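Fold and contact review
So the chains spell out like this:
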Amino acid sequence: MNAQMRRNIVQTSRIFISLIALTSACQATTALAQEANYRASADPLELTVHYHFRDQYVYTQDWPVEQKAAELTNVRVRNVASSASTNSKDAFNLMITSGDLADIVGGLKDDFNRYGREGAFLPLDDLIAEHAPHIKAFFEAHPAFHNAAAGADGKLYYIPYIQDGTLSEGWFVRQDWLEKLGLETPETPEEVYAVLKAFREQDPNGNGQKDEVPYFSRNLGNTLRLMNLWDARVSGSATYGDFAVYDGELRHPWAEQNYKTAMSNLAQWYKEGLIDPEIFTRGPRAREYLLGNNLGGMTHDWFPSTSTYNVSLADTIEGFSFRPMLPPKTISGDRFEDARRQIVTAEGWGISVANEHPVETIKYFDFWFTELGRQMANFGVEGDTYTIVDGKPTFTEAVLTDSQPVNAQLWEIGAQVPRGYVMDYDYELQWSNEIALAGMQLYEACDCLKPDFMGVALTDNEKAVYDRYWPSILTYMQEMQQTWLLGAQDVDSTWDAYQSRLEQMGYGEVLDVMQTAYQRQYGADQ
Amino acid sequence: MSEVELSEVVKRYGVMEVVHGISLTIEPGEFVVLVGPSGCGKSTTLRMVAGLEDISSGTVMIGGREVSQVAPKDRDVAMVFQNYALYPHLDVAENIAFGLRVRHEKRKVIKQAVAEAAEILGLTEYLKRKPADLSGGQRQRVAMGRAIVRRPRVFLFDEPLSNLDAKLRTHMRAEIKRLHQRMQSTSIYVTHDQVEAMTLADRIVIMNGGRIEQVGSPMEVFLEPANTFVASFIGSPPMNLLDATIEIGDAGPLARIKGADTAPLPIPDAFRDQAAAGQRVKLGIRPELMRVDADPSTPGLACQIELVEPLGAEALLHGEVGRQPIIAKVETLSGVRDFAAVRWLGVDLSGLHVFDAGSGRSLKTASA
Amino acid sequence: MMKRYFSTLWADIRRDWQLYLLLAPMLIWFAVFAYRPLAGLQIAFKDYSIFRGLEGSPWVGFDNFRELFANDLFIRSFWNTIILSGLGLFVAFPVPIILALMFNEIQNAAAKRWAQTIVYLPHFISAVIVAGIVITFLSPSTGVVNLVIRALGFEPIYFLTQPEWFRTIFIGSNIWKEAGFESIVYLAAIAGVSPTLYESARVDGASRWQMIWRITLPCILPTILIMLIIRIGNLVEVGFEYIILLYQPSTYATADVVSTFIYRTGLQGTQYDIATAAGLFNAVIAFVLVYTANRISRRLSSTSLW
């Protein structure tokens, strides 16, 4: 059953992989290594790399994956970033300021595009066209991804880390409470209301106290996720509070009419105690605390980590069953999942102007887009962390049963680090909890993700407009959002003032530049 | 009725006893000076009278009332401190008024008292100044003014002049004396300076090692020191104390100075009764009672002079008598000029003192 | 004249070179960390790019300032800063003084040490932990404060989301955290008051209360004034990390201060030029405040920083 289910999921997730697979998936790796020529440089070449990421890691030549890659490509990287730094942004800025650029620089999209246009990084398109057949093929297959990563001048200044799979989060509900109270999994806003109300008032945890917290969340993105029930969206992308695409037009979801309806209803729900009264201050441990103390009823959160509570709490709370459920239908009868994985991430690497071997470097980058390179970037070193089973890279038993999570093990050897590569969703499926897998299968089948807004690259003038207005507008939006939910101000009576205030703060100007940039970048696709 | 009476007053810090049962009676209007080397317990005794130190045992009475357990402010005493204890943020008038102000006296009363005290102390033109803008002597006067306005039963002075230079000290000393004569208030004054003690006191209390060595009028303690400590403490330069042995001669007891190549000296009558043959004694000779122009046939001491310190009208001769150091204070205006050549010091025998070498006590029998 | 000055200085250095050597680290520190970065202030007047550097970034005059003042959220954050630290000055400033006076009145040495240690301790707790404690204490469901409120029969209050409570919470918890430690300065000043002043006052008949009012306080007044001037100089500075930990969008109305504004709009968006402009503006205001406070203090009490 388990194996069967896992295989099914793997199958469904193949939709994506099959698109990007460039060589036959059945080909054995060992054969790959022998046949293909991965040489990026005729003579052994050393390139310096400065890639400090996620505030704690540095890209290093010591990783087994990198050593193997050096063997195959003849290109050896040498880390020049300080591992003592605890702020990646600072480390990056420091290097830029010093003017002493490494050959390969890792960082974030906005920085690549800004400093690329100022001349710090090489535009990569010509190099890719001439020397990087695998990257070229990938972007040809996915022009939207190229657009998402490119700068306002349409040029690509970095090779992004590209994620696989689209699902990230889903709805979870205490199935055992539903059963205890004789309720069905809610399918409509009315049913969600009824369920939350019942959780609140009918003492499903049976301790005689009205201490249940019907809806809770541990992070900003999910605090107001219930607004989906009224068709409103928390964000148009994986970034919290981002713009969304409405029929080819960029707008902000928090300026939409359905947002007003949603907030107005949510304020009422909050008042009735259906939403955690402490939702804004509970913090990142909310899930652990509320589930662990048998208090929380429903949330919206990541599939894998949320599912594990079924295992960890099985002994302490009798009958504990916190299961994924499909997004309820909205008042308009739609059904959608708001959260998703960002496919083209902002992380990646580029070639600095100081690099005297751009051709070799792009060839080295290209290696990670070959099948073997991608395997190594995802699974580590063959024979070490994975073997080929039925033509597919499969983690060894030792890796799967180690006390450390699989991803943590991989980070230590240089796999799953945000170099420019394409993630293989299979890596995650191989060690995901069954309940999580079942949930994701449910969502895959539903196919109810909204299209992703992949971000725009702004020109200097556009960026100036954006920077001038947008941070203040977002601040104001968040401020009003909480004020409404907490009931400090009435939504219906203040909505018009809110809208005109947004206009006054420059919302229109920001939309204009965003729309212009969007047209420029994605216009061809529409 | 006595104004202040200490009986068997003891002060201990932990196991260390620093004042060993002092008894002292002070009459109304009397100016008593506690004098002694540092660490002798004189300040501690004063502070016990003030109430700033607790009394370990014994009693203190002020104005016939036992005050051992009474707070300082209720003892009706005022105190002048060595470092003046002026409040730096208050001007002279406010400093003087402080004691009255905290007692919530009427504004009018305070104003009048301050004006009066300032008048007495000659501070009238400085009333608006801050302590920092005053000279040492002026500050001292302000400190006294602060005590005066209180019109206390007893004034307590804790080395009030020791922060002043020598000239100012002499001046202030006289002022304090005049002030006392004018106010006739009971005063207890602590000092380590014997000159202050001699000039100011009605009675001097000489203390040493937590005990009273002698109580008496300035001339009493100078002329009739009760023991070697008092003898060497009062007088400048101090009394010479020479080791000697009593011999009984034809005319009565004689003191033979140890190691000296001179005839033994007869001792005054008052000391004879207690002198026994062979008794080891200290023979006390005031430096002022020695003469250089004496004939070696007159009673005196054969000596070697090693150092001459001319002071003007007088000179100090440092020398040896039978290997014992001796100081003589002689007039310079008489005939002899070459003091270094002096070999014989004439002694006024009537001024000799004899102390028991062991106990240090004077052999003088109470004068009849 | 100048030449003479330098030759004298040089002679002094040769004679007392050990003393000047001791002074050197501080001078170097100032040169490197206080004076050299002054050059960076020109960022406020440029369209700054860290890649182009100071030289390469074009001048834009007062554009960055204009942009700041055109933003009413910045204006709000500026007033919030002034109000927050102004209130903090009125409410929190006297607390360490009172604490120091209270410590000074404790006669039992052991009890005094204990009391001091206990109030110093919070200073050494990081802001993150303090914020955690505050959030826990004020939690509407399980927080001690709300349990008391409920026990008294009132509705629990969700303190941290209500703008009208933010200042109270911020200032209150800061007092708890810092007052004890700040009292050390005043304790030191009190220790410097001559004990005979108290003895004299005791003999003169002052009560303990009178001694505090008439001796202790006036004697430590110079210290208090210096501390006050320094505090006034910091009026426009409210540390952002603690605020960020405590504030919510719903409390921005009172909680958003200049430093958090800069953090959100400037540094997160890499707008160093705007951030520098805001910082420069802050510094100018701070300088004016300190200068004024110092003059007033010198005029009124002849105590001053310089």
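Residues numbered from 1 in each chain as written. Chains lettered and ligands numbered in written order. Predicted model: local features only at pLDDT ≥ 70, side-chain atom pairs only at ≥ 80, totals over all residues. Heavy atoms only, no water.

A word on the overall build of chain A. Summing up its helical and strand segments, chain A has 24 helices and 15 strands in all. Against the 2.2 N^0.38 benchmark of 24 Å for 526 residues, chain A shows a C-alpha radius of gyration of 24 Å, consistent with a compact globule. Taken along its principal axes, the extent of the C-alpha atoms in chain A is 75 × 55 × 45 Å. Within the span of chain A, comprising 526 residues, buried residues form 58% of the whole. Contacts spanning at least 24 positions in sequence make up 76% of the contacts within chain A whose residues lie at least 6 apart. Only carbon and sulfur atoms are counted for the fraction: they give 49% of the accessible area of chain A, which is about 20,900 Å². If the 42 positive side-chain charges of chain A are averaged to one point and the 74 negative ones to another, these points end up 1 Å apart. (Helix = DSSP H or I, 4+ residues; strand = E, 2+ residues; numbered from the N terminus. Rg over C-alpha atoms; globule rule 2.2 N^0.38 Å. Buried < 20%, exposed > 50% of the residue type's maximum accessible area, 1.4 Å probe, protein only. Contact = heavy atoms within 4.5 Å. Areas by Shrake-Rupley, 256 points an atom, 1.4 Å probe, with all protein chains shown as cover. Lys, Arg positive; Asp, Glu negative; His and termini not counted. Charge placed at Lys NZ, Arg CZ, Asp CG, Glu CD.)

Right, let's talk about the domain arrangement of chain B for a bit. Residue and element names in this part refer to chain B. Annotation of chain B at the domain level lists domain 1 (4-231) and domain 2 (232-367). Just the C-alpha atoms count here: the centres of domain 1 and domain 2 sit 38 Å apart. Every contact between the two is made by 18 residues of domain 1 and, on the other side, 15 residues of domain 2. The three residues of domain 1 that bury the most area against domain 2 are Q194, T228 and A231, which together make up 40% of that side's buried surface. Joining domain 1 to domain 2, the criterion identifies 1 salt bridge. Across the pair K364 and E224 runs a salt bridge, and its minimum N-O distance is 3.8 Å. (Domains from an automatic or database assignment. Buried area = accessible area lost by both parts, 1.4 Å probe. Salt bridge = Lys/Arg side-chain N within 4 Å of Asp/Glu carboxyl O.)

What follows deals with the state of the cysteines. Residue and element names in this part refer to chain A. Under the definition given, this model contains 1 disulfide over all chains. The residue that forms a disulfide with C446 is C448, at a sulfur-sulfur distance of 2.2 Å. Of note, the bridge from C446 to C448 carries an S-S torsion of about 130 degrees and is right-handed in sense. Accessibility expressed as a relative area gives 7% for C448, which makes it buried. (Disulfide = S-S within 2.5 Å.)

Take the sheet that holds strand 2 (residues 16-26) of chain B next. All names here are of chain B. Taken together, 4 strands build an open sheet; the order of strands is 2-1-4-5 and the sheet is antiparallel. If you trace the sheet from one side to the other, it starts and ends with strand 2 and strand 5 (65-66), each paired once. In terms of strand pairing, strand 1 (residues 4-13) meets strand 2 through 8 bridges, oriented antiparallel. Bridging across to strand 2, V4 finds its partner in I26. Across the sheet, helix 1 (residues 42-50) touches strand 1, strand 2 and strand 4 (57-62), and the angle it forms with strand 1 is around 115 degrees. (Pairing = 2+ DSSP bridges. Axes fitted to C-alpha atoms, helices over the stretch in contact; angles between N-to-C directions.)

Attention shifts here to the pairing of strand 4 of chain B. Residues and elements named next belong to chain B. Pairing between strand 1 and strand 4: 5 bridges, direction antiparallel. When the bridges of strand 4 are listed, V4 appears paired with I62. Here strand 4 folds back onto strand 5 in antiparallel fashion, the turn holding 2 residues, of which G63 has a positive phi close to 60 degrees.

Another point: the pattern of salt bridges. All names here are of chain A. Going through the model one piece at a time under the given rule, you end up with 55 salt bridges over all chains. Here R335 makes a salt bridge to E187, at a shortest N to O gap of 2.7 Å. Highlighted residues: R335 in the loop between strand 12 (322-325) and strand 13 (344-351) and E187 in the loop between helix 9 (175-180) and helix 10 (189-201), separated in sequence by 148 residues. Salt bridges here are not isolated pairs; linked through shared partners, they connect E169, R225, R233 and D338.

All names here are of chain B. Mapping Q138 onto the fold places it in helix 4 (residues 136-148). Looking at Q138, its side chain comes within polar contact range of the side chain of Y126, at 3.1 Å. Setting aside residues up to four positions removed in sequence, Q138 forms contacts with L123 and Y126. (Polar contact = N/O pair within 3.5 Å; in protein donor to acceptor, adjacent residues only side chain to side chain.)

Counting 168 residues, the largest nonpolar core has A:Y59, A:L226, A:Y364, A:W368 and A:Y498 as the members making the most contacts within it. For A:Y364, the residues in contact, after removing those within four places along its chain, are A:A40, A:Y59, A:E66, A:T73, A:V75, A:V77, A:I104 and A:W349. With 87 residues, the next largest nonpolar core counts B:V154, C:V130, C:A189 and C:A201 among its residues. (Core = buried A, V, L, I, M, F, W, Y, C linked by side-chain atoms within 4.5 Å.)

Applying the stated criterion across every chain yields a total of 74 aromatic pairs over all chains. Aromatic side chains A:Y38 and A:F367 sit 5.4 Å apart centroid to centroid with 90 degrees between the ring planes, which places their arrangement in the edge-to-face category. Of the two residues, A:Y38 is situated in the loop between helix 2 (29-35) and strand 1 (45-50) and A:F367 in helix 16 (residues 358-367); the sequence distance between them amounts to 329 residues. Of the two residues, A:Y38 and A:F367, both sit in the buried class. Ring geometry for A:F112 against A:Y158: centres 5.2 Å apart, planes inclined by 10 degrees, an arrangement best described as stacked. Remark: A:Y158 occurs in the loop between helix 8 (143-149) and strand 6 (159-162) and A:F112 occurs in helix 5 (residues 109-117); sequence separation between them is 46 residues. Assigned by exposure class, A:F112 and A:Y158 land together as buried. Within the aromatic cluster, the residues linked to one another by ring pairs are A:Y38, A:Y51, A:F53, A:Y57, A:Y59, A:W63, A:W349, A:Y364, A:F365, A:F367, A:W368 and A:W411. Above the face of the A:Y469 ring, A:R468 is positioned so that its terminal group lies 5.9 Å from the ring centre. Against the face of B:F222 rests B:R286, its NZ or CZ located 4.0 Å from the ring centre. (Phe/Tyr/Trp six-rings, centres within 6.5 Å; stacked < 30°, edge-to-face > 60°. Lys NZ or Arg CZ within 6 Å of the ring centre and 35° of its normal.)

Before going further, it helps to spend a moment on the sheet that holds strand 7 (residues 154-158) of chain B. All names here are of chain B. Across the sheet, 6 strands lie side by side as 6-7-8-3-9-10; this open sheet has mixed pairing. Only two strands of the sheet have a single partner each, and these edge strands are strand 6 (77-80) and strand 10 (211-216). Going across the sheet, the axis of each strand differs from the next one's by a mean of 20 degrees, ignoring polarity. Relative to strand 10, strand 9 (residues 203-208) runs antiparallel, the two sharing 5 bridges. Note that in strand 10 the partner of M207 across the bridge is I212.

Attention shifts here to the interface of chain C and chain B. Facing 16 residues of chain C, the contacting portion of chain B comprises 23 residues. Interface area, chain C with chain B, both sides summed: about 1,700 Å², of which 58% is carbon and sulfur. When the area that chain C buries against chain B is broken down by residue, the three leading residues are C:V203, C:D204 and C:R214, summing to 38%. Joining chain C to chain B, the criterion identifies 3 salt bridges.

Across the boundary between the two partners, chain C contributes 30 residues, which contact 31 residues of chain A. Overall, the association of chain C and chain A removes approximately 2,600 Å² of surface from exposure, summing both partners, and the carbon and sulfur fraction of that is 50%. By the criterion of area lost to chain A, the three top residues of chain C are C:I50, C:F51 and C:Y158, representing 26% of everything that side buries. At the surface where chain C touches chain A, the tally comes to 4 salt bridges. We note a salt bridge from A:E118 to C:R52, for which the minimum N-O separation is 3.3 Å.

Time to look at the pairing of strand 14 (residues 386-389) of chain A. Inspection of the sheet shows strand 14 of chain A paired to strand 15 (residues 392-395) of chain A by 4 bridges, in the antiparallel sense. In the strand pairing of strand 15 of chain A, A:T387 is matched with A:T394.

Residues and elements named next belong to chain C. A contiguous nonpolar surface patch, about 950 Å² in accessible area, is contributed by V128, I129, I133, F137, V144, V148, L152, F154, W176 and L245. Looking at the nonpolar patch, the elements with two or more residues in it are helix 8 (127-138) and helix 9 (144-151). At 4 residues, the largest contribution of residues to the nonpolar patch is made by helix 8. The topology assignment puts W176 in helix 10 (residues 163-191). Note on W176: relative accessible area 44%, which makes it partly exposed. (Patch = residues over 30% accessible without salt bridge, like charges linked within 9 Å, V, L, I, M, F, W, Y side chains within 5 Å.)

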